[in-house]
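Chains, contacts and geometry: an overview
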2 protein chains.
Amino acid sequence: MSESWPTSGVDLHLELDPATGRRTGLEQALRAAIQAGRLAPRARLPATRRLAAELGLSRGTVKAAYDQLVAEGYLTARQGSGTVVAGLPGRQAGDPHGPSGPVDVQPRHDLRPGRPDPSAFPTAAWLRSARRALGAASADAYTYGDPRGRIELRTALAGYLGRTRGVLASPDQIVITNGYVQALALLTRVLGESAPAVIATEDPGVAFHREVIRHHGSQVVPIPVDDRGARTDLLGGPGFPRVGAVELTPAHQYPTGRTLDPERRRALVDWARSGDRLVIENDYDGEFRYDRQPIGAIQGTAPDHVAYVGTVSKTLGPALRLGWIVAPRHLLRPLAEAKRHHDHHTESLGQLALADFIARHAYDRHIRACRLRYKRRRDLLLARLRSRSRPPSGLAVHGIAAGLHALIGLPSGGPTEQDVLDAAAARDVALGRLGDRWHEPGDRPQGVIVGFGTPNEHAYPAALDALTRVLDACGP
Amino acid sequence: MSESWPTSGVDLHLELDPATGRRTGLEQALRAAIQAGRLAPRARLPATRRLAAELGLSRGTVKAAYDQLVAEGYLTARQGSGTVVAGLPGRQAGDPHGPSGPVDVQPRHDLRPGRPDPSAFPTAAWLRSARRALGAASADAYTYGDPRGRIELRTALAGYLGRTRGVLASPDQIVITNGYVQALALLTRVLGESAPAVIATEDPGVAFHREVIRHHGSQVVPIPVDDRGARTDLLGGPGFPRVGAVELTPAHQYPTGRTLDPERRRALVDWARSGDRLVIENDYDGEFRYDRQPIGAIQGTAPDHVAYVGTVSKTLGPALRLGWIVAPRHLLRPLAEAKRHHDHHTESLGQLALADFIARHAYDRHIRACRLRYKRRRDLLLARLRSRSRPPSGLAVHGIAAGLHALIGLPSGGPTEQDVLDAAAARDVALGRLGDRWHEPGDRPQGVIVGFGTPNEHAYPAALDALTRVLDACGP
């Protein structure tokens, strides 16, 4: 029978790794040969005795390896015809290009908005907090926890948000999320529990957040923005669609940088109170206000009608994926249930580290240091833009009282967004495009968004030089 | 006019914290007084000049504080009638009991299934990995990243899963998730993209996973389990509902502990291949097999039809919320998009730490140590159950070749689940109930599930003693 064996240990190039056990090594080698197609479907394997002799293994070892692979479905043991390779689907080699995913090619001068300077991350202090928090954590910190998040962090946040943002929260009213996107996803789910909700979002605003709302089953309608912020005076009016919630950025409108006017705040709260309606207050960069103290959160004036959302994405960085919702009481149970069905709860170690970081005022110190850093950068940006004598003239800089970005409005008759972005691309400068922020394309004001938080400290002056050259190049 | 002032600084009990600035302090005090209701809606505030004199502040400071609170909506400035407190909704004190949320009262003897021993968490080694990983990380580790997760972790996992579980994966085929629940949520979303999907899950199985599937818009049907594992032979048969996917635990069925029989594996894969169908392979404790080596993953034999899901929840603990999907190529783009719309991506620092932990073989070492620990516990449990001479007799112990739990079947005619659980509750012993795992209640086999991984090492013998007393107490 030996001449009918189509394969042998040698033919198979079975390379047994001496580090693994003999049986395990043989199994891995056979599995790899089958997966790679070197052993084709229906190929017969050598009898156990023969392969054992060829490889210097015991017959029992080979038999055990075959049995294992039969159990896993790689091989089939047929009465009378020995062991054969099972039918497997065609294999292809790994695709080195991967699926879609935003391919994040790093530009030379990164002035994209929405990202803080990664080099500002307080690595040593953070690791100290993580070590302390883990050392002090009880056993329940290592297992499944409350879907709202760790009580240590919710307690620290309740104090911090009350003190710095005027948020009225007890720890049991806070739900920890994986950053803003998940907070918006959970709120959308809860609002649309019985029927799809309609949520108004700012126009211009963040396009991705509109996508997130739609992905989670609700509709989006625009609420226009003017120089006093979102037009909340339109809510409930005859021409405005009926909406159950408004998502907006009152402290520092994104991307125009306006602060919501007191009258508009009042109109918003009145509208929310006059029905079963919700304000989603996106306080994405409320910590960074340069020329006066921060505007307190609307939530403090209407806690039963506002879901306040904050994150560490602009202070410590988006990579931590840590955010929080301070929710009206009637939404707490559904929010906790939605969170549980999304991912049980946010991972605990980062939460414990942040709780320690806040409680020891390392968070305050970090924010103060960042505020100084970003204020200097803003001042440098303004000085540079003002000192330009070259075209395009008439540039208007908006929204620079706070935050990590400026909107440069391009006057009509001058260069368009596309002109500036083309000039920027030619110099490997990345900027944000105002045009991407409108709900609908059309004949809109033109502008580009400069994220002055993004470059690291030593790269910032060169980035400003490059920006200046971009603007100079757009002249006639 | 002074006599008409209804409030004064003294009446308000404004306690200015000397640590904050004067203006900030005044604002905080006013905000707190309004929030607490000490300053009622429509109450008129003292004129700036008067309050300044009373508090020993400059008039400009008081004016600035009033302006700030007008901007925030706490106060209203009325022409001719000074500054009044704005109308605010009724306030209630914080509810100390919080919303729903699973209240996790710690039992004295915790033998609930599904949780590893928290004291086994390798804190020092994990922190070393975190420190090394952060030290080596590039700037992009601190900002928004690929929705599939960090390439460092996906690369480490591709090697690890191929070596230990026979999973066929390149790094670009892996999507990092926040544990199993999110993996199942994302797969459900993707399967139900165009129309609600129907997914078969094991009966008995994990009730919460059925809820997760329904929460994300798909339907669930049962696939029965017998002593050869899930009845995959029924799939596609005349009596079985048409389903687009099967979610199951082939290496160690939960909770019966069966390994899916080779014939059943083949039937499953044949069924998946014969149509556009998906197997969701939940490999929740594939690392822990005691009496023979682990059964390799089905994914290795049918990578185009299996979404393999694993986590660190049983090895390092559920608190880390780290899991992975190895997905067929055609699902990668929709999975990455779903992940992005759920929470952008899983937080990066834990991913980087785990990548380092795997790459340095600390993960292998940890799992080997845990395997020994849990094998010892299983042996102790079996010895204890076998040595019992008291009723109930006829107990059958299932599923103890692997994993962190055993199913104790209760013979008919003897005590019921409820009898055992009542006896356990009386002794503060927490066990799992088989009855909770069925799709539909009814006249089902009775059993309790013992999670022998949950107690910490020194608490385990006492937990076994308590379990013995519970079983003894259930006799006639």
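The rules behind the values
Residues numbered from 1 in each chain as written. Chains lettered and ligands numbered in written order. Predicted model: local features only at pLDDT ≥ 70, side-chain atom pairs only at ≥ 80, totals over all residues. Heavy atoms only, no water. Helix = DSSP H or I, 4+ residues; strand = E, 2+ residues; numbered from the N terminus. Rg over C-alpha atoms; globule rule 2.2 N^0.38 Å. Buried < 20%, exposed > 50% of the residue type's maximum accessible area, 1.4 Å probe, protein only. Domains from an automatic or database assignment. Contact = heavy atoms within 4.5 Å. Buried area = accessible area lost by both parts, 1.4 Å probe. Salt bridge = Lys/Arg side-chain N within 4 Å of Asp/Glu carboxyl O. Polar contact = N/O pair within 3.5 Å; in protein donor to acceptor, adjacent residues only side chain to side chain. Axes fitted to C-alpha atoms, helices over the stretch in contact; angles between N-to-C directions. Parallel < 35°, antiparallel > 145°, perpendicular 65-115°, else oblique. Left-handed = near helix turned anticlockwise from the far one by under 90°. Nonpolar A, V, L, I, M, F, W, Y, C, P; charged D, E, K, R; others polar. 1 Å grid on protein atoms, 1.4 Å probe; cavity = no way out; pocket = protein on both sides within 12 Å on 5 of 7 lines; lining within 4 Å. Points joined across faces, edges and corners; volume = space filled by probe spheres on them. Pairing = 2+ DSSP bridges. Patch = residues over 30% accessible without salt bridge, like charges linked within 9 Å, V, L, I, M, F, W, Y side chains within 5 Å. Areas by Shrake-Rupley, 256 points an atom, 1.4 Å probe, with all protein chains shown as cover. Lys, Arg positive; Asp, Glu negative; His and termini not counted. Charge placed at Lys NZ, Arg CZ, Asp CG, Glu CD.

**As for the overall build of chain A**
Broken down by element type, chain A carries 13 helices and 16 strands. By the compact-globule yardstick of 23 Å for 476 residues, chain A is too spread out, its C-alpha radius of gyration being 30 Å. The principal-axis extents of the C-alpha atoms in chain A amount to approximately 95 × 55 × 50 Å. Each of the 476 residues in chain A was classed as buried or not, and the buried ones make up 60%.

**Considering unusual backbone geometry**
In this chain, Y254(A) is followed by P255(A) through a cis amide linkage whose omega measures 5°. You can see P255(A) is positioned in the loop between β8 (245-248) and α8 (262-273). For R321(B), which is not glycine, the phi dihedral falls at a positive 45°. With respect to the helices, strands and loops of the structure, R321(B) is situated in the loop between β10 (306-311) and β11 (323-326). The backbone phi angle of H361(B) is positive, close to 65°, even though this residue is not glycine. Considering the arrangement of structural elements, one finds H361(B) in the loop between α10 (348-359) and α11 (362-387). Residue H361(B) is classed as partly exposed on the basis of its relative accessible area, which comes to 41%.

**Quick notes on the domain arrangement of chain A**
Residue and element names in this part refer to chain A. In terms of domains, chain A is made up of domain 1 (5-100), domain 2 (110-116 + 370-474) and domain 3 (121-364). Here the C-alpha centre of domain 3 lies 27 Å away from the C-alpha centre of domain 2. Listed per partner, the contact involves 25 residues of domain 2 and 29 residues of domain 3. Between domain 2 and domain 3 lies a buried interface of about 2,200 Å² when both sides are counted; carbon and sulfur atoms form 59% of it. Between domain 2 and domain 3 we count two salt bridges in total. Note that R444 and D203 form a salt bridge whose closest N and O atoms lie 3.8 Å from each other. Joining domain 2 to domain 3, the criterion identifies 16 residue pairs in polar contact (both at pLDDT 80 or more). Residue assignment for the side of domain 2 that touches domain 3 shows that the elements contributing at least two residues are α11 (362-387) and β13 (405-410).

**Topic: helix α7 (residues 207-215) of chain A**
Of all the residues in α7(A), the buried ones are F208(A), H209(A), R210(A), V212(A), I213(A) and H215(A). G217(A) occupies a position one or two residues after α7(A) and carries a positive phi of about 95°.

**Brief notes about the packing of helix α2 (residues 48-55) of chain B against helix α3 (residues 59-72) of chain B**
Residue and element names in this part refer to chain B. Running from N to C, α2 and α3 point in directions that differ by 120°, and their axes come no closer than 8 Å. When the axes of α2 and α3 are compared, the pair comes out oblique. When you trace α2 past α3, the crossing you get is right-handed. Contacts from T48, R49, L51 and A52 of α2 reach α3 at R59, V62, K63 and Y66. Taken together, the residues of the contact of α2 with α3 sort by class into four nonpolar, one polar and three charged.

**Quick word on the pattern of salt bridges**
This model, assessed by the stated rule, comprises 70 salt bridges over all chains. Where D146(A) meets R148(A), a salt bridge forms, and the shortest distance between an N and an O atom there is 2.9 Å. Note that D226(B) is salt-bridged to R264(B), the shortest N-O span being 2.8 Å. Linking D226(B) in strand β6 (residues 219-226) with R264(B) in helix α8 (residues 262-273), this pair joins segments that are 38 residues apart in sequence. One connected set of salt bridges, linked through shared partners, spans D117(A), R373(A), R376(A), R377(A) and E457(A).

**Concerning empty space enclosed by the protein**
If you walk through the whole model with that rule in mind, you get nine cavities of 30 Å³ or more. Approximately 260 Å³ is the volume found for the largest cavity. The wall of the largest cavity is formed by 21 residues, among which W126(A), A130(A), L349(A), G350(A) and L349(B) lie closest to the centre. It is helix α4 (residues 123-136) of chain A that provides the largest number of residues to the lining of the largest cavity, a total of five residues. When its residues are assigned to classes, the lining of the largest cavity shows 17 nonpolar, two polar and two charged. The volume enclosed by the second largest cavity comes to roughly 80 Å³. Taken together, 13 residues make up the lining of the second largest cavity; nearest its centre are N178(A), E347(A), N178(B), T346(B) and E347(B). Split into classes, the residues belonging to the lining of the second largest cavity amount to three nonpolar, five polar and five charged.

**Regarding the interface of chain A and chain B**
Of the residues lining the interface, 98 residues belong to chain A; the matching set on chain B comes to 98 residues. Between the two partners, chain A and chain B, sit two salt bridges. In this structure, E211(B) engages R340(A) in a salt bridge whose closest nitrogen and oxygen atoms are separated by 3.9 Å. For the interface between chain A and chain B, the tally reads 27 residue pairs in polar contact (both at pLDDT 80 or more). When residues of the side of chain A that touches chain B are assigned to their parent elements, the largest contribution, seven residues, is made by helix α9 (residues 332-343) of chain A. When the residues that make up the side of chain A that touches chain B are grouped by side-chain class, the tally is 38 nonpolar, 34 polar and 26 charged.

**Concerning the sheet that holds strand β7 (residues 229-230) of chain A**
Within a sheet, neighbouring strands are paired by backbone hydrogen bonds and run either parallel or antiparallel to one another. Residue and element names in this part refer to chain A. The sheet built from eight strands is open, its strands ordered β4-β11-β10-β9-β8-β5-β6-β7 with mixed pairing. Edge positions in the open sheet fall to β4 (174-177) and β7, since each of these has one partner strand only. Sheet topology places strand β9 (residues 278-282) next to strand β10 (residues 306-311); four bridges connect them, and they run parallel. Across the sheet, residue E281 finds its bridge partner in β10, namely Y308.

**Side note on a positive patch on the surface**
Among the surface-exposed residues, R128(A), R131(A), R365(A), R368(A), R128(B), R131(B), R365(B) and R368(B) lie close enough to one another that they form a single positively charged patch. Breaking the positive patch down by element, the ones donating at least two residues are α4 and α11 of chain A together with α4 (123-136) and α11 of chain B. Tracing the chain through its elements places R128(B) in helix α4. For R128(B), a relative accessible area of 47% gives the class partly exposed.

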